[in-house]
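# A closer look at the structure
One-letter residues, chain by chain:
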Protein chains: 2
Amino acid sequence: MKCDCENCHIKNIFYASVTPEELDRYCSSRTERIVDEKETIIRQGAPITEFIYLKEGLVKLYRNTPAGAQIISIGKPLDFVSLLNVFGDEKYSYSVSALHKSTVCVFDINEIKKMILENGAFAFKLIKTMNKASDRVLFNYLDINQKRLFGRVAAVLLEFSSILNSDSYELPISRKEISQLVGMSIENVIRTISDLRKDKIIKVYGKNIEIIEKQRLIQIRDLN
Amino acid sequence: MKCDCENCHIKNIFYASVTPEELDRYCSSRTERIVDEKETIIRQGAPITEFIYLKEGLVKLYRNTPAGAQIISIGKPLDFVSLLNVFGDEKYSYSVSALHKSTVCVFDINEIKKMILENGAFAFKLIKTMNKASDRVLFNYLDINQKRLFGRVAAVLLEFSSILNSDSYELPISRKEISQLVGMSIENVIRTISDLRKDKIIKVYGKNIEIIEKQRLIQIRDLN
DNA sequence: CGCGGCTTTGATGTTCATCAAGTAAAGTGG
DNA sequence: CCACTTTACTTGATGAACATCAAAGCCGCG
């Protein structure tokens, strides 16, 4: 398989200081895997043997708890999927599954480890990238936590608008999953969406969302 | 200043594969700083020029938001204080201040960067350690979020019991700070502590807490 | 066609924030 | 050291935000 991905983080990180042999090894240690919607990419509790990167599509990171499923983060293209604690732990503490048909790049984790050990520039850029990624997840969570129902739902709708780069899109997740993402009951999530519809801030046809009054939605997000 | 700290993470990380010159450089680039209770160690918004490590004492990581202060995590000895995004960002996105008189070890961030670039084994162990640390913060937050008032307060009381290694201790933080840590109102935090006292699960004299029925407190944490 | 899961709305009760008001404790200036 | 101010703490009362329960419609799938 050729290394033809323009925007690949790993490759760009690697390019900074790479010998031809290293690039060869990088290319041959990589495999692409296509996963269908709803397919599981990483299973909570499974041993960590791979380092995974989302080339295309959309995924959710979540974990099962005694109180039910909890969605930790939505993964966009060019995000690491092996986001948290890949090197610090033996087993995954969360699951990842595809929201759309997606393509992931898979490396043997020992290959990445080797690269870290042998190539300091790669190690440094990887630290930087992983730092940024886990920071984003944590602060997103901290932000959501300060908001109430309306603010949380507005934040989710705007986040997908930003990810999908459109004010009119098909929701990649169910109402129930929104409730698992914002940590509130499904009934109240639905009620909130209905209220936003009744106030003509959004239009809703099933899974299709159209943001009508973006400024008001942003206000609701920021003031609630 | 000598490198005499038995348990120092950085040093232990470094020992794995260290030349005498490297250890020398490590020692000379380190400075110890003693901070008083309530003194600020890191200020949100300040440029990141140092890499900081908590040798002794207790600190809080927090950030200021439009909705008020929010405590992100409590830092114990041997924790990194420069926990999140030290390499990924230009400025600190949170503050750190001392809850007790504390001792921190300070490195020039460029020295740490150099070590990463030049010593792969150091880089790998640092990644591992940072991964674990940010994981702990995130999952602690995810856990707290699934609990209600009683469970959250019980979790905080038990966490300090574990950190201070005793069932009878002086609370290192105020009631208000507990409320900023668990994300609930100060009045309800106080009410909850009072209720636990009335049920004879804990004894309270001002800042002094004595856990009487630890098993029940653990139950309250886990079932609420 | 019928079953199970997802969605929706209404009704009800719980959990929690907020307001109010007072006490205790800790810092401040004379 | 004392009067003064501020900050932390505490309890009660009220209403808002939210979860839960109930019932019904919808949709996909075997």
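Parameters and conventions
Residues numbered from 1 in each chain as written. Chains lettered and ligands numbered in written order. Predicted model: local features only at pLDDT ≥ 70, side-chain atom pairs only at ≥ 80, totals over all residues. Near = placed C-beta within 6 Å. Helix = DSSP H or I, 4+ residues; strand = E, 2+ residues; numbered from the N terminus. Nonpolar A, V, L, I, M, F, W, Y, C, P; charged D, E, K, R; others polar. Expected span 1.5 Å × (residues − 1). Buried ≥ 20, exposed ≤ 12 C-beta atoms within 10 Å, placed from the backbone. Arc of directions from axis to C-beta. Contact = placed C-beta atoms within 7 Å. Least-squares fit on C-alpha atoms with pLDDT ≥ 70 in both. Domains from an automatic or database assignment. Core = buried A, V, L, I, M, F, W, Y, C linked by C-beta atoms within 7 Å. Pairing = 2+ DSSP bridges. Axes fitted to C-alpha atoms, helices over the stretch in contact; angles between N-to-C directions. Left-handed = near helix turned anticlockwise from the far one by under 90°.

In the vicinity of DNA strand C there are 14 residues, among which Ser 174, Arg 175 and Ser 194 of chain A together with Arg 148 and Leu 149 of chain B approach most closely. Elements that contribute at least two residues to the surface near DNA strand C include exactly helix 6 (175-182) and helix 7 (186-198) of chain A together with helix 7 (186-198) of chain B. Here the surface near DNA strand C takes 5 residues from helix 7 of chain A, the largest share from any one element. The residue inventory of the surface near DNA strand C, partitioned by class, reads 4 nonpolar, 4 polar and 6 charged.

The immediate surroundings of DNA strand D are formed by 15 residues, with Arg 148 and Leu 149 of chain A together with Ser 174, Arg 175 and Ser 194 of chain B found nearest. Grouping the amino acids of the surface near DNA strand D by side-chain chemistry returns 5 nonpolar, 4 polar and 6 charged.

All names here are of chain B. Compared with the 18 Å implied by 1.5 Å per residue over 13 residues, the 18 Å span of helix 7 between its first and last C-alpha is a close match. Buried within helix 7 are the following residues: Val 189, Thr 192 and Leu 196. Viewed along the axis of helix 7, the buried residues span an arc of 60°, placing them on a single side of the element. Turned more than 90 degrees away from the buried face of helix 7 sit Glu 187, Ser 194 and Lys 198, all of them exposed. Buried residues in helix 7 make contact with helix 5 (149-163), helix 6 (175-182) and strand 9 (202-205). Positive backbone phi, approximately 60°, marks Lys 200, located one or two places after helix 7.

Below, the discussion takes up the relation of the copies chain A and chain B. When chain A is fitted onto chain B, the two copies agree to an RMSD of 0.0 Å after a turn of 180° and an axial shift of 0.0 Å. The relationship between the two copies is best expressed as a two-fold rotation axis.

A few words now on the domain arrangement of chain A. All names here are of chain A. The domains assigned to chain A are domain 1 (9-134) and domain 2 (147-223). Centre-to-centre, using C-alpha coordinates, domain 1 lies 29 Å away from domain 2. Each partner contributes to the interface: domain 1 provides 9 residues, whereas domain 2 provides 6 residues. Of all the secondary-structure elements, those providing two or more residues to the side of domain 1 that touches domain 2 are strand 4 (59-65) and strand 5 (68-75). The element best represented in the side of domain 1 that touches domain 2 is strand 5, accounting for 3 residues. Class assignment of the residues belonging to the side of domain 1 that touches domain 2 gives a composition of 5 nonpolar, 2 polar and 2 charged.

On to helix 8 (residues 214-223) of chain A, then. Residues and elements named next belong to chain A. Of the positions making up helix 8, those classed as buried are Leu 217, Ile 220 and Arg 221. The arc that holds every buried residue of helix 8, seen down its axis, measures 100°, which confines them to one face. Away from its buried face, by an angle of more than 90 degrees, helix 8 presents the exposed residues Gln 215 and Leu 223. Those residues of helix 8 hidden inside the fold are in contact with helix 5 (149-164) and strand 10 (208-211).

A word on the interface of chain A and chain B. One frequent convention defines the size of an interface as the accessible area lost when the parts assemble. Chain A puts 32 residues into the contact, and the matching count from chain B is 32 residues. Those elements that provide at least two residues to the side of chain A that touches chain B are strand 5, helix 3 (109-118) and helix 4 (120-145) of chain A. Grouping the constituent residues of the side of chain A that touches chain B by class yields 16 nonpolar, 11 polar and 5 charged.

Turning to the nonpolar core, a few remarks are in order. One finds Ile 116, Ala 123 and Ile 127 of chain A together with Ile 116, Ala 123 and Ile 127 of chain B to be the most contacted residues of the largest nonpolar core, which totals 75 residues. The biggest single contributor to this core is helix 4 (residues 120-145) of chain B, with 9 residues. Apart from the residues lying within four places of it in its own chain, the contact partners of Ile 127 of chain A are Phe 87, Ile 116 and Ile 127 of chain B.

All names here are of chain B. Structurally, Glu 56 can be placed in strand 3 (residues 50-56). Measuring from C-alpha to C-alpha, the distance between Glu 56 and Asp 79 comes to 9.5 Å, with 23 residues separating the pair along the chain. With residues near it in sequence (within four places) discarded, Glu 56 still touches Pro 77, Ser 102 and Thr 103.

This part takes up the sheet that holds strand 9 of chain B. Residue and element names in this part refer to chain B. Pairing is antiparallel in the open sheet, where 3 strands are placed in the order 8-10-9. Single-partner strands in this sheet number two, and they are strand 8 (168-170) and strand 9. The mean angle between the axes of side-by-side strands here comes to 15°, regardless of whether they run parallel or antiparallel. Taken together, the 3 bridges between strand 8 and strand 10 (residues 208-211) define a ladder with antiparallel strand orientation. In the sheet register, Glu 170 faces strand 10, and the bridge partner there is Asn 208. Sitting on the sheet, helix 5 is in contact with strand 8, strand 9 and strand 10, with an inclination near 95° to strand 10.

Attention shifts here to the packing of helix 5 of chain A against helix 6 of chain A. All names here are of chain A. Contact pair helix 5 / helix 6: the axes reach a minimum separation of 10 Å and the direction vectors enclose 115°. Between helix 5 and helix 6 lies a crossing whose hand is right-handed. The segment helix 5 lies against helix 6, with Arg 152, Val 153 and Val 156 engaging Ile 178, Leu 181 and Val 182. Tallied by class, residues from the contact of helix 5 with helix 6 come to 5 nonpolar, no polar and 1 charged.

Okay, the environment of Asn 110 of chain A next. Residue and element names in this part refer to chain A. Residue position: Asn 110 is located in helix 3. A residue is classified by how many C-beta atoms lie within 10 Å of it, and Asn 110, with 12 of them, is exposed. Sequence separation between Asn 110 and Glu 50 is 60 residues, and the spatial gap between their C-alpha atoms is 8.0 Å.

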